[in-house]
Amino acid sequence: MGKTEVEFGGQRAKEIAMSGPGPKSMSGPVKGIPIAVVGGGFVGLVTAAGFAQFGHAVVCIENNEERLKKLQSGHVPFYERDLEKLISENLHNGRLSFTNDLEAAVDGQKAIFIAVGTPSAADGRADLGALGTIAESLASVLTSDQVIVIKSTVPVGTGKSIQAVFSENGHSKNPIAVVNAPEFLREGNAVQDFFHPHRIVLGGTSTEAVELVKHIYRLGMTDPVPIITTNNETAELIKYSSNAFLAMKIGFINELAGLCDSTGIDVLEVARAMGMDGRIGPEFLDPGPGWGGSCFRKDLSELTGLASSLDHTLLIARAVLSANEQHHRYVVEKARKLIGSLDGATIGVLGLAFKANTSDMRDSPAIPIINELLDAGAKVQAYDPQAMEEARSIIPNVSCVDSAIDVAAEADCLLILTEWQEFQMLDLSKMAKMMATPNIVDTRNLLVPEVAKRHGFNYVSMGQA
Ligand code: UDX
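Remember, it's a predicted structure, so these values are computed and weren't measured experimentally.

Trainee: So what exactly am I meant to see when it comes to the packing of helix α9 (residues 232-263) against helix α11 (residues 296-309) here?
Mentor: The description of two helices packed together rests on the angle between their axes and the distance between the axes. At a minimum axis distance of 9 Å, the contact between α9 and α11 shows a crossing angle of 120 degrees. Compared by their axis directions, α9 and α11 come out oblique. Seen from above, α9 lies across α11 with left-handed handedness. Of the residues in α11, those touching α9 at L237, K239, Y240, N243, A244, L246, A247 and I250 are F296, D299, L300, E302 and L303. Along the lines of polarity and charge, the residues of the contact of α9 with α11 split into 9 nonpolar, 1 polar and 3 charged.

Trainee: What is the right way to look at the nonpolar core in this model?
Mentor: Across soluble globular proteins, nonpolar side chains have a tendency to be buried as a group. I347 and L352 are the most contacted members of the largest nonpolar core, which has 60 residues in total. The contacts of I347, once residues within four sequence positions are left out, are I339, L342, L373, A378, K379, V380, Q381, C413 and L415. With 46 residues, the next largest nonpolar core counts L185, F194, M221 and V225 among its residues.

Trainee: Hey, could you run me through the site of the ligand in this one?
Mentor: In the vicinity of the ligand lie 19 residues, with L185, E187, D286, F354 and K355 positioned nearest. Note that an oxygen atom of the ligand is positioned 2.9 Å from one of the side-chain N or O atoms of K239. With respect to the ligand, the backbone of F354 contributes an N or O atom lying 2.8 Å from an oxygen atom. In isolation the ligand offers 670 Å² of accessible surface; the protein chains occlude 93% of this area. Of the residues contributing to the shell around the ligand, the split by class is 10 nonpolar, 2 polar and 7 charged.

Trainee: It is not clear to me how the packing of helix α5 (residues 129-139) against helix α6 (residues 158-168) should be interpreted in this structure. Could you clarify?
Mentor: Running from N to C, α5 and α6 cross one another at 35 degrees; their axes reach a closest spacing of 9 Å. With respect to the hand of their crossing, α5 and α6 are arranged in right-handed fashion. Packed against α5, whose contacting residues are L131, A135, E136, L138 and A139, the element α6 presents T158, I162, V165 and F166 at the interface. In terms of residue class, the contact of α5 with α6 is made up of 7 nonpolar, 1 polar and 1 charged.

Trainee: Can you walk me through empty space enclosed by the protein in this structure?
Mentor: In this approach, a probe sized like a water molecule rolls over the atoms, and the result shows the empty space that is left. Taken as a whole and judged by the stated rule, the model has 1 cavity of 30 Å³ or more. The computed volume of the largest cavity comes to approximately 40 Å³. I150, S152, T153, V154, N180, A181, P182, A235, E236 and K239 are the residues that line the largest cavity. Examining the composition of the lining of the largest cavity, we find that 3 residues originate from one element, α9, more than from any other. Of the residues contributing to the lining of the largest cavity, the split by class is 5 nonpolar, 3 polar and 2 charged.

Trainee: Help me out: how do you make sense of the pairing of strand β7 (residues 177-180) in this one?
Mentor: The two faces of the sheet receive side chains in turn, since in a regular strand these alternate between them. Of the two faces of β7, both are covered, the one formed by A177 and V179 as well as the one formed by V178 and N180. In this sheet, β7 lies alongside strand β6 (residues 147-150) in parallel orientation, the contact comprising 4 bridges. Bridge pairing links V147 to A177 in β7. Once you follow β6 into α6 and on to β7, the crossover reads as right-handed.

Trainee: What exactly am I supposed to notice about the packing of aromatic side chains here?
Mentor: For any pair of aromatic rings, geometry is given as the distance between the ring centres together with the angle between the planes. Applying the stated criterion across every chain, the model contains 10 aromatic pairs. Centroid distance F194 to Y217: 6.4 Å. Interplanar angle 35 degrees. Geometry classified as tilted. One end of the pair, F194, is in helix α7 (residues 190-195); the other, Y217, is in helix α8 (residues 207-218), with 23 residues separating them in the sequence. Residue classification places F194 among the buried positions, given a relative accessible area of 4%. Look at W291 and F296: their rings are 5.8 Å apart centre to centre, the planes differ by 80 degrees, and that puts the pair in the edge-to-face class. This pair shows no difference in class: W291 is buried, exactly as F296 is. Each member of the aromatic cluster is reached from another via a ring pair, and the members are F51, F54, F113, F194, F195 and Y217.

About the criteria used
- Residues numbered from 1 in each chain as written.
- Predicted model: local features only at pLDDT ≥ 70, side-chain atom pairs only at ≥ 80, totals over all residues.
- Heavy atoms only, no water.
- Axes fitted to C-alpha atoms, helices over the stretch in contact; angles between N-to-C directions.
- Helix = DSSP H or I, 4+ residues; strand = E, 2+ residues; numbered from the N terminus.
- Parallel < 35°, antiparallel > 145°, perpendicular 65-115°, else oblique.
- Left-handed = near helix turned anticlockwise from the far one by under 90°.
- Contact = heavy atoms within 4.5 Å.
- Nonpolar A, V, L, I, M, F, W, Y, C, P; charged D, E, K, R; others polar.
- Core = buried A, V, L, I, M, F, W, Y, C linked by side-chain atoms within 4.5 Å.
- Buried < 20%, exposed > 50% of the residue type's maximum accessible area, 1.4 Å probe, protein only.
- Near = heavy atom within 4 Å.
- Polar contact = N/O pair within 3.5 Å; in protein donor to acceptor, adjacent residues only side chain to side chain.
- Areas by Shrake-Rupley, 256 points an atom, 1.4 Å probe, with all protein chains shown as cover.
- 1 Å grid on protein atoms, 1.4 Å probe; cavity = no way out; pocket = protein on both sides within 12 Å on 5 of 7 lines; lining within 4 Å.
- Points joined across faces, edges and corners; volume = space filled by probe spheres on them.
- Pairing = 2+ DSSP bridges.
- Right-handed = clockwise from strand over helix to strand, strands pointing away.
- Phe/Tyr/Trp six-rings, centres within 6.5 Å; stacked < 30°, edge-to-face > 60°.

Now the structure itself:
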């Protein structure tokens, strides 16, 4: 594929009324094509269930026995809104199945989507071990009419090197087509994002293979979505650049929140006016305790690592990482200013997941913030509606309590770190009375300052002065 082209999918908008996050589940025979999805993680499961909902026949390969058993009984081994319903619906109508037998599963599949993790290695670069192992296993069973689609976030050049793995393993005469189709799903919103993407990015040199992937999406697309077709490397860089930019945008508003704290200006008013500029856009301008999640840091590290390997320095991308760490320290400083000294203080933390509507604590801002509080000699008691199980192994020195109100017991300061909706319905006057001193740092600006103050709190926001 030479130049980057854009066209619109969504041929069926008039045919399928939208009922919830995706198209109506169509009963009856499969209208689509046979697809395999390798990897039963967050991206793999949403992709497999989404394509089954479109009408394709999908087999998802998961090699972890325990996870596989859960999936085969229609249960998702983590919390993700709407996903379990989507999976059990398509298990029931026979368009989705799970197995651990990779070689048998890919036999006869037109497209094989690879959605395995590419975590950061010790040097910050992406670890492609899992991807390489799968490519080698596939090389011995693939036929040249099958298409490999890399959905995992992979470094620039990976598509080409996977193609080389196939050529070196018996496919030199009839090369296997490899298409990059990076995903842009947000945790907690993944099913919605799958059915209503901002755009679909497809990178590949085989026009036929790219057309096949377009067809796979078009079958169920209900909105006219831009489909960008380009080469493998461009698609790979689009993914890293998009995540780096999103993290930068959040980091910028977090820094601005700090400045607004010192100037008495309301950062949300600034953000709202900024967002009205079409070149800026309103999304991802909500200040918080710092961005987290399994992707931003990983992708920024890979991007800056790629640049360094080519003797480039991405000063801004590097600053996004260091500014985020500085922002965690800024949150701790807010609590210290409210109570004087952290040593011997009791801090009640509300929210541990890296954001609401997920149980995921990967790279959550709660982790460095709590560790800094503990290092300063504070005692920390914490509650999260979904992340308690994960928290016990990640922050063992924190006392995990059973409800939001319990974090107030004898506390000197409350810290709201995750924007769970239930934290907007807290019994604030009861909590204020349970505390040693009724201080609260609301890093997500969840509460109405006047209401919190009326219930007796010394209330500190994030940028609303
Ligand atoms: C991100 C990208 O959004 C997604 O496109 C990509 O596929 C994976 O990485 P995710 O990590 O699931 O998705 O969550 P996201 O909603 O982007 O939030 C990331 C972090 O930024 C969270 O800690 C969130 O609380 C924070 N955030 C987000 C803000 O602090 N302010 C905002 O306005 C938005």
